[in-house]
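# Descriptive analysis of the structure
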Amino acid sequence: MFSAQEKFTSVETYSRLFDASPAQACEAARRALLSQGYLVGDTKATWVEGKKSFQPDAESHLQMTIRVVCVTESASDEVSLAFASAVQDRYALKKDNSSASLGVSAIGSVSLPFMAGSDSMVKVGSETIASDAFYDKFFDLVKRYLHNAESGDK
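All residue numbers here refer to positions counted from 1 along the written sequence of the relevant chain. Given that the model is predicted, a residue must reach a pLDDT of at least 70 before its local features are reported, and side-chain atom pairs must reach 80 or more before they are shown or counted; all residues, however, enter totals for whole chains, interfaces and linings. Neither water nor hydrogens contribute to the side-chain values; these are computed over all heavy atoms in the structure.

## A look at the overall build of the chain
Note the threshold: Secondary structure counts use DSSP, requiring at least four H or I residues in a row for a helix and at least two E residues in a row for a strand, with both numbered from the N terminus. Any residue under 20% of the maximum accessible area for its type is buried, any over 50% is exposed, and the rest in between are partly exposed; the area is computed with a 1.4 Å probe on protein chains only. Contacts are residue-level and defined by heavy atoms, with any inter-residue pair within 4.5 Å sufficient.
Assigned secondary structure in the chain consists of 2 helices and 6 strands. Going from N to C terminus, the chain has its helices and strands arranged as β-α-β-β-β-β-β-α. Per-residue burial for the chain yields a buried fraction of 27% across its 154 residues. Pairs at least 24 apart in sequence give 58% of the contacts found in the chain among residues at least 6 apart.

## A closer look at the pattern of salt bridges
Rules: The salt bridge criterion pairs a side-chain nitrogen of Lys or Arg with a carboxyl oxygen of Asp or Glu, the two atoms within 4 Å.
Counted by the stated rule, this structure contains 6 salt bridges. Between Arg16 and Asp136 there is a salt bridge, with the nearest N and O atoms lying 2.3 Å from each other. With Arg16 in strand β1 (residues 15-18) and Asp136 in helix α2 (residues 132-151), this residue pair connects regions lying 120 residues apart in the sequence. According to the relative accessible area criterion, Arg16 is buried, its value standing at 16%. A relative accessible area of 36% means that Asp136 is categorised as partly exposed. Measuring nitrogen to oxygen at the nearest pair gives 2.7 Å for the salt bridge that ties Glu49 to Arg67.

## Remarks on the state of the cysteines
As a reminder, the rule being used: Here, a disulfide means two cysteine sulfur atoms that sit within 2.5 Å of each other.
What the rule picks out here adds up to 1 disulfide. Cys26 shares a disulfide with Cys70; S-S distance 2.2 Å. A torsion of 105° about the S-S bond marks the disulfide between Cys26 and Cys70 as right-handed. On the criterion of sequence distance, the pair formed by Cys26 in helix α1 (residues 22-35) and Cys70 in strand β4 (residues 60-72) is long-range, its members being 44 residues apart. Assessed through its relative accessible area of 3%, Cys26 is described here as buried. A relative accessible area of 2% places Cys70 in the buried class.

## Examining a negative patch on the surface
Convention followed: Patches here are clusters of residues that have more than 30% relative accessible area and form no salt bridge, with a 9 Å joining cutoff for like charges and a 5 Å cutoff for nonpolar side chains (Val, Leu, Ile, Met, Phe, Trp, Tyr). To be clear on the numbers: accessible area is Shrake-Rupley with a 1.4 Å probe, and residue cover counts the displayed protein chains and nothing else. A residue counts as positive if it is Lys or Arg and as negative if it is Asp or Glu; His and the chain ends are not included. Throughout, a charge is located at the NZ atom of Lys, the CZ atom of Arg, the CG atom of Asp or the CD atom of Glu.
On the surface, a cluster of negative charge is made up of Asp19, Asp77, Glu78 and Glu150. Mapped onto the secondary structure, Glu78 falls in the loop between β4 and β5 (80-104).

This is how it looks when you write it as structure tokens:
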């Protein structure tokens, strides 16, 4: 069963055409991610993935992952289609307090709380970013890096 929120439409939120080879488009996407502070791990000529962490407050954490896949859109390999998808994972602080039990045979057991505990971040949600404005800004930045590569600017 599919999500009621999923709608397959021809809206170009997640993709853009570029006058460049897939390798050039993905290199521009890699540079766009790096310019915004994303950590870029292993990449291939036709895909790139970047991650960036945010901490809006002391009790929560966000991690954004952006994946870009570039495919050829022409027989001459001079036009490519770049697909981007951003996922935001939300984490919240979970506090675990511990307690100790003491068993006395005549009375029973007594539990006493003590302050030794552990805190951990627990994933509480994950969402694909669907904002047209978000992707417009990202693809505009990719275009800028493509233009800079074509003109030889550094």
